[in-house]
Amino acid sequence: MPDVTLTTLNKLKRAGEKIVCLTAYDATFAHLENQAGVEVILVGDSLGMVLQGHDSTLPVSIDDMAYHTQSVKRGNTGAFIMADLPFMSYATVGQAIDNSARLMQSGAHMVKLEGAGWLAETVTTLVRNGVPVCVHLGLTPQTVNVIGGYKVQGREQAQARALLDDARALEAAGASMLLLECIPSSLANEITAAVQIPVIGIGAGSGTDGQVLVVHDLLGLSITGRLPRFVKNFMLEHSDVQSAVKAYVDAVKNVEFPAAEHEF
Ligand code: KIV
């Protein structure tokens with residue numbers, strides 16, 4: 001049992017205190033993030049890009065996710081660990097159950113899957129079986145080939161309405177958390193106010209209940225040399241990794257990150 005639980009995260013939402021989430025893929029970074037005060041560690045399938053060097057998250061396997069979740073668990077002492085179900089590992093409810101079991105038995109406290117309202121049945125079944133679920137909405141990188149690139153979602157009214165309806169439906173289905181990626185801040189604020197469960201944002205403005213970043217991004221590490229608009233390179237103002245991660249934690253808690261220039 002971690003020190004940070006879903007109860008802690010729900011209390012933070014109700015108290016209006018921002019939740020800090022950050023990716024980690026190994027024991028050393030899990031430990032470092034514990035020291036800095038990160039509350040939720042995401043073992044993201046972004047590891048396919050930042051560790052494995054692929055141009056998308058699609059090649060990541062459930063074996064990869066289980067391996068990195070085990071590594072993070074060994075370094076973690078108190079954070080809540082959320083692990084991604086990778087591409088095509090939850091296409092059926094049966095697959096979702098089997099693969100969530102792998103991640104939970106590897107040390108995850110929650111699984112994250114990408115999609116929309118159609119995941120309601122999967123969410124309900126996982127929760128009934130003891131698996132807390134976070135649903136990733138908005139820009140969902142596993143469907144990059146369907147949406148035609150890494151683009152801001154929910155700009156049109158119909159799409160924005162659908163995202164709001166999906167958020168409500170997934171909460172009703174039993175989701176314990178939502179993650180919103182690259183949507184307009186005004187829509188993220190509306191969704192955050194419409195649900196009781198914590199909402200974590202990335203490229204969704206400062207109004208969500210918490211923030212997440214890929215740790216390589218906040219350290220300014222990029223193979224292409226480019227960082228997305230919603231990222232801040234905390235190494236520009238800090239000379240060591242521990243201080244940069246701590247600065248991210250403080251900036252999220254003090255609602256200084258994300259700033260207007262990071263929003264859509
Ligand atoms: O895989 C990941 O790291 C993620 C974040 C971008 C939110 O899903």
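What counts, and where the lines are drawn
- Residues numbered from 1 in each chain as written.
- Predicted model: local features only at pLDDT ≥ 70, side-chain atom pairs only at ≥ 80, totals over all residues.
- Heavy atoms only, no water.
- 1 Å grid on protein atoms, 1.4 Å probe; cavity = no way out; pocket = protein on both sides within 12 Å on 5 of 7 lines; lining within 4 Å.
- Points joined across faces, edges and corners; volume = space filled by probe spheres on them.
- Helix = DSSP H or I, 4+ residues; strand = E, 2+ residues; numbered from the N terminus.
- Nonpolar A, V, L, I, M, F, W, Y, C, P; charged D, E, K, R; others polar.
- Pairing = 2+ DSSP bridges.
- Axes fitted to C-alpha atoms, helices over the stretch in contact; angles between N-to-C directions.
- Contact = heavy atoms within 4.5 Å.
- UniProt positions renumbered as here; feature names shortened; annotations may be inferred.
- Buried < 20%, exposed > 50% of the residue type's maximum accessible area, 1.4 Å probe, protein only.
- Salt bridge = Lys/Arg side-chain N within 4 Å of Asp/Glu carboxyl O.

Visitor: With reference to specific residues and values, describe empty space enclosed by the protein.
Guide: By the definition in use, this model includes 1 cavity of 30 Å³ or more. When its volume is computed, the largest cavity comes out at roughly 50 Å³. Together, Ile202, Gly203, Ala204, Gly205, Gln211, Val212, Leu213, Phe230, Phe257, Pro258, His262 and Glu263 line the largest cavity. Ranked by the residues each element gives to the lining of the largest cavity, the list is headed by strand β8 (residues 210-213), at 3 residues. Taken together, the residues that form the lining of the largest cavity break down as 7 nonpolar, 4 polar and 1 charged.

Visitor: Got a sec to walk through the sheet that holds β8? Specific residues and values, please.
Guide: Spatial ordering of the closed barrel is given by β1-β2-β3-β4-β5-β6-β7-β8, a layout of 8 strands whose pairing is parallel. The sheet shows a mean angle of 25 degrees between the axes of neighbouring strands, direction not considered. Direction of pairing for strand β1 (residues 19-23) relative to β8: parallel, over a ladder of 4 bridges. When the sheet's bridge partners are listed, valine 20 is paired in β8 with glutamine 211. Its contacts with the sheet put helix α6 (residues 120-128) on β4 (110-114) and β5 (133-138), and the angle it makes with β5 is roughly 160 degrees. The strands that helix α11 (residues 241-253) touches are β1 and β8; relative to β1, the one it contacts most, it runs at about 145 degrees.

Visitor: I'd like a rundown of the UniProt feature "active site" (unreviewed entry) in the protein chain, residues and numbers included.
Guide: Under the feature "active site" (unreviewed entry), the UniProt entry names Glu181. With relative accessibility at 11%, the residue glutamate 181 sits in the buried group.

Visitor: Kindly report on the pattern of salt bridges, identifying the contributing residues and their values.
Guide: Counted according to the given criterion, the structure contains 8 salt bridges. Aspartate 63 is the salt-bridge partner of arginine 102, the closest N and O atoms lying 3.0 Å from each other. One end of the pair, arginine 102, is in helix α5 (residues 93-105); the other, aspartate 63, is in helix α4 (residues 62-75), and 39 residues separate them in sequence. Classification of arginine 102 as partly exposed rests on a relative accessible area of 34%. Since its relative accessible area comes to 48%, aspartate 63 is described here as partly exposed. One salt bridge connects aspartate 250 with lysine 246, and the closest N-O pair in it is separated by 2.8 Å. On the criterion of helical spacing, the pair formed by aspartate 250 and lysine 246 is a turn pair, its members being 4 residues apart in helix α11. Residue class for aspartate 250 comes out partly exposed when judged on its relative accessible area of 31%.

Visitor: Tell me about the environment of aspartate 209, and name the residues and values.
Guide: Turning to its location among the elements, aspartate 209 is positioned in the loop between β7 (199-202) and β8. Spatially, the C-alpha atoms of aspartate 209 and threonine 124 are 23 Å apart, while their sequence positions differ by 85 residues. Residues within four places of aspartate 209 in sequence aside, it is in contact with Lys13, Glu17, Lys18, Ile19, Thr192, Ile197, Pro198 and Val199.

Visitor: Lay out the UniProt feature "binding site: 3-methyl-2-oxobutanoate" (unreviewed entry) in the protein chain with the relevant residues and their values.
Guide: Per the UniProt record, "binding site: 3-methyl-2-oxobutanoate" (unreviewed entry) is found at Asp45, Ser46, Asp84 and Lys112. These residues run over 68 residues, yet every pair of their C-alpha atoms falls within 12.5 Å of each other. Here, the largest pocket is lined by Asp45, Ser46, Asp84 and Lys112 out of the annotated residues. The buried category is assigned to serine 46, whose relative accessible area is 15%.

Visitor: For unusual backbone geometry, give the residues involved together with the corresponding values.
Guide: The omega torsion across phenylalanine 257 and proline 258 is 0 degrees, close enough to zero to call that bond cis. Looking at where proline 258 falls in the secondary structure, it is placed in the segment after α11. Backbone geometry places methionine 88, a non-glycine residue, at a positive phi of 65 degrees. A residue is classified by how much of its surface remains accessible, and methionine 88, at 55% relative accessible area, is exposed. Residue cysteine 182 is not a glycine yet carries a positive backbone phi of 50 degrees.

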